[in-house]
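Chain and residue survey
Now for the letters of each chain:
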Amino acid sequence: MSDKITGAEALVRGLIAEHVDRVFGYPGGYIIPVFDTLYDYTDRITNVLTRHEQGAIHAAQGYARTSHRPGVVIATSGPAATNLITGLSDAMMDSTPLVVITGQAPASMLGTDAFQETDVMGITQPIAKWSYQIRHADKVAWALARAFHIASTGRPGPVVLDFTKDAQIQLTDRAYEPCRFIRSYIPKPTPAEADIALAAEMINRASRPMILAGQGITIAEAEQALKALAEKAHIPVAATLLGLSVLPSSHPLFKGMLGMHGNIGPNINTNRADLIIAIGMRFDDRVTGVTESYAPQARILHIDIDRSEFNKNIRAHATVHGDAREVLEALLPLVKPARHDEWVRSFDRHNTIEHENVDTTAAYGTDPTKAPTMGEVARKVSEAAGAGAILVTDVGQNQMLSARYFRYTSPRSIVTSGGLGTMGFGLPAAIGAKMGAPERPVCLFTGDGGLQMTVQELGTIMQYGTAVKIILLNNNFLGNVRQWQALFFNGRFSQTPMLNPDFKTLAASYGIPAEDVATRGELQCAITRMMEHDGPYLLNINIDPADMVFPMTPVGKPVDYIMLNPSDVYQPLPDIS
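Description of the structure in this document. A quick note: this is a predicted structure, and the numbers were derived from the prediction, not measured.

Brief notes about the overall build of the protein chain
- For the protein chain, the helix and strand inventory stands at 24 helices and 22 strands.
- Its C-alpha atoms give the protein chain a radius of gyration of 24 Å, within 12% of the compact-globule value 25 Å for 577 residues.
- Considered along the principal axes of its C-alpha atoms, the protein chain spans approximately 75 × 60 × 40 Å.
- Across the 577 residues that make up the protein chain, the buried fraction comes to 60%.
- Taking the contacts inside the protein chain whose residues are at least 6 apart along the sequence as the reference set, 77% of them involve residues at least 24 apart.
- Taken as a whole, the protein chain presents about 22400 Å² of accessible surface, with 51% of it coming from carbon and sulfur.
- Separation between the mean location of the 49 positive side-chain charges and that of the 58 negative ones in the protein chain comes to 4 Å.

As structure tokens, then:
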């Protein structure tokens, strides 16, 4: 770099060097120099102007999850920076790579309670993979390069660069060089050969093995290696919420979702298996139920790139520290071909009972004048969206039902807030997901509560014409909390009923076509119109407030304690176990 440039321009040129062509941002006083510089690079970088900083970071999360590239967020200081905190925590828990750039007061004013000064470092260090404050233009290239390397390698996560105003306008001649190595930071450890050999031996000896597939498989792009291992050793696969789509829903060895609202087969058989192979997952409490009675007959083999997850929640008998794809590819030659036919069939027998009692017209009827159920809406939308569709969800009943009944055909087909459970995530995340994978249909399932937390992002859709299909499951309640109140708090619906706006009119005010669906008989044609429309669309679907999400394992119960309805706990027959 022969001529000196400002710190702001050094940042923008660094983004271009990292092949960033889209950022999500909202301007303000202490970040104006960066946005002013972006003005000269509109042919190289598009800034997506969201309507709120929380919308920006959730959109960047959706973009990162579908594009397999770090999402970039730019916002100013003070309230703008604090508005990013929810998204940072969400991204940290769900291992989403983000580079978050916040403006800051000039370095000489730090600690003086200057206008819109906030201790971004102190706030973000516990919820980010790395936080760094840039106080001089000479540090811009160095810090940005490290930020991209840290965010996108190993177990991904968000990083924060707090950029003081004076550093943005100072001059520097430091050239940008991508970071490939940081001393003491080993993002991809080499799996120990002895650990691989022991893992293979455990798999070869098992008679009732079961794979628990987490998002680590998606992050490592290990889907084909997982499929090869499962097929060679004939091992049934169940997925965490974030692990859904690692195998196609139609694959004969894919047995469904784990956890509180997971499928009966995987949950029952977790406590029948003699080997649990956990890959890229962290044994979240919503997956394990009460840990004291989790998988009592099984040896636990845990494969993960993050050593801190080993023995954190569930004690493992063996661990392999490494990238999921590298570990699975190393295991494949050592694992012997096998058949576990009776064991695999046992999942299907459990799930047949679920099908007959929970998710079919036999359970809910076929009256076309009744309100549709959440499950049938998800299934019909999935069928209409076709192969390659991406499901984005908000949080609550809409999340659990759509995740369960959507059909996945391709990897990276679900974007949802897993660990943090952030209401309001869905709408902005769907915008980012569509921008990250513009060739794929994106279907957002949301509730009336979650949608209204970030409803202003309909303005972002209006401005950019983002073709998100919004399926609003509207029951005029905070549905998931209502379900808990009905089941465990004697039907005392404290602060869960909601008086809602006319969502069809609201969408129309943003130029988004919309229609109301009151009955099951209206549903299919409305879905068809939505999917055939070339652009964004909103279906406001009337849902019975009493509609609940089942099966359900209540908090504090073993994973195989499964409610089929408010009064019935599933008791598997002896010949099924």
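Here's the deal with the sheet that holds strand β4 (residues 71-75)
- Pairing is parallel in the open sheet, where 6 strands are placed in the order β3-β2-β4-β5-β7-β6. Every interior strand has two partners, whereas the edge strands, β3 (46-49) and β6 (130-134), have only one. Direction aside, the axes of adjacent strands within the sheet are offset by 20° on average.
- Looking at chain direction, strand β2 (residues 22-26) and β4 are connected through 3 bridges and run parallel. Paired with F24 across the strands is V73, a residue of β4.
- Running over the sheet, helix α5 (residues 85-93) touches β5 (98-104) and β7 (158-164) and is turned about 145° from β7.

Observations regarding the pairing of strand β18 (residues 468-474)
- The buried fraction of β18 amounts to 7 of the 7 residues, a majority that puts the element mostly inside the structure.
- With burial as the criterion, each face of β18 is covered, one bearing V468, I470, L472 and N474 and the other bearing K469, I471 and L473.
- Two strands pair when backbone bridges link them, and strand β17 (residues 442-447) and β18 are joined in this way by 6 bridges, in the parallel orientation. From the neighbouring strand, F445 faces β18, where its bridge partner is I471.
- Bridge analysis of β18 against strand β20 (residues 537-542) gives 6 bridges, and the strand direction is parallel.

Overview of the pattern of salt bridges
- This model, assessed by the stated rule, comprises 19 salt bridges.
- The shortest N-O distance in the salt bridge between E9 and R13 comes to 3.0 Å. One end of the pair, E9, and the other, R13, are both in helix α1 (residues 7-17), 4 residues apart, so they sit about a helical turn from each other.
- According to the relative accessible area criterion, R13 is partly exposed, its value standing at 36%.
- Each of R155, D306, E309 and K312 takes part in a single network of salt bridges with overlapping partners.

Points about the packing of helix α3 (residues 53-67) against α5
- The N-to-C vectors of α3 and α5 enclose an angle of 20°; their axes lie 8 Å apart at closest approach. Our classification of the angle between α3 and α5 gives roughly parallel. Residue-level contacts link Q54, I57, H58 and Q61 of α3 to T86, G87, L88, D90 and A91 of α5.
- Of the residues belonging to the contact of α3 with α5, the class tally is 3 nonpolar, 5 polar and 1 charged.

Let's talk about the environment of V481
- Here V481 shows up in helix α22 (residues 479-488).
- Judged by relative accessible area, V481 falls into the partly exposed class, the value being 42%.
- Sequence spacing of V481 and Q495 is 14 residues, and the spatial spacing of their C-alpha atoms is 9.4 Å.

Thoughts on the state of the cysteines
- The final tally for this structure, using the stated rule, is 0 disulfides.
- C443 forms no disulfide, and the closest cysteine sulfur to it belongs to C525, at a distance of 17 Å.
- For C443, a relative accessible area of 0% corresponds to the buried category.

Quick notes on the pairing of strand β13 (residues 299-304)
- Burial analysis of β13 places 5 of its 6 residues in the buried class, the great majority of the element.
- In this sheet, strand β14 (residues 318-321) lies alongside β13 in parallel orientation, the contact comprising 4 bridges. Paired with L301 across the two strands is A318, which belongs to β14.

Considering the packing of α1 against helix α7 (residues 140-152)
- Two elements in contact, α1 and α7, have axes separated by 9 Å at closest approach and are oriented at 30°. Crossing geometry of α1 relative to α7 is assigned as right-handed. Along the contact surface, α1 presents G7, A10, L11, G14 and L15, while α7 presents V140, L144 and F148.
- Tallied by class, residues from the contact of α1 with α7 come to 6 nonpolar, 2 polar and no charged.

Thoughts on the environment of T153
- Within the secondary structure, T153 sits in the loop between α7 and β7.
- For the pair formed by T153 and P97, sequence separation is 56 residues and the distance between their alpha carbons is 8.5 Å.
- With sequence-adjacent residues up to four places away left out, T153 is seen in contact with K129, Y185 and P187.
- A polar atom in the side chain of T153 sits 2.5 Å from the backbone oxygen of H149.
- Engagement of the side chain of T153 in a polar contact is seen with the side chain of Y185, the distance being 2.7 Å.

Procedures and definitions
- Residues numbered from 1 in each chain as written.
- Predicted model: local features only at pLDDT ≥ 70, side-chain atom pairs only at ≥ 80, totals over all residues.
- Heavy atoms only, no water.
- Helix = DSSP H or I, 4+ residues; strand = E, 2+ residues; numbered from the N terminus.
- Rg over C-alpha atoms; globule rule 2.2 N^0.38 Å.
- Buried < 20%, exposed > 50% of the residue type's maximum accessible area, 1.4 Å probe, protein only.
- Contact = heavy atoms within 4.5 Å.
- Areas by Shrake-Rupley, 256 points an atom, 1.4 Å probe, with all protein chains shown as cover.
- Lys, Arg positive; Asp, Glu negative; His and termini not counted.
- Charge placed at Lys NZ, Arg CZ, Asp CG, Glu CD.
- Pairing = 2+ DSSP bridges.
- Axes fitted to C-alpha atoms, helices over the stretch in contact; angles between N-to-C directions.
- Salt bridge = Lys/Arg side-chain N within 4 Å of Asp/Glu carboxyl O.
- Parallel < 35°, antiparallel > 145°, perpendicular 65-115°, else oblique.
- Nonpolar A, V, L, I, M, F, W, Y, C, P; charged D, E, K, R; others polar.
- Disulfide = S-S within 2.5 Å.
- Left-handed = near helix turned anticlockwise from the far one by under 90°.
- Polar contact = N/O pair within 3.5 Å; in protein donor to acceptor, adjacent residues only side chain to side chain.

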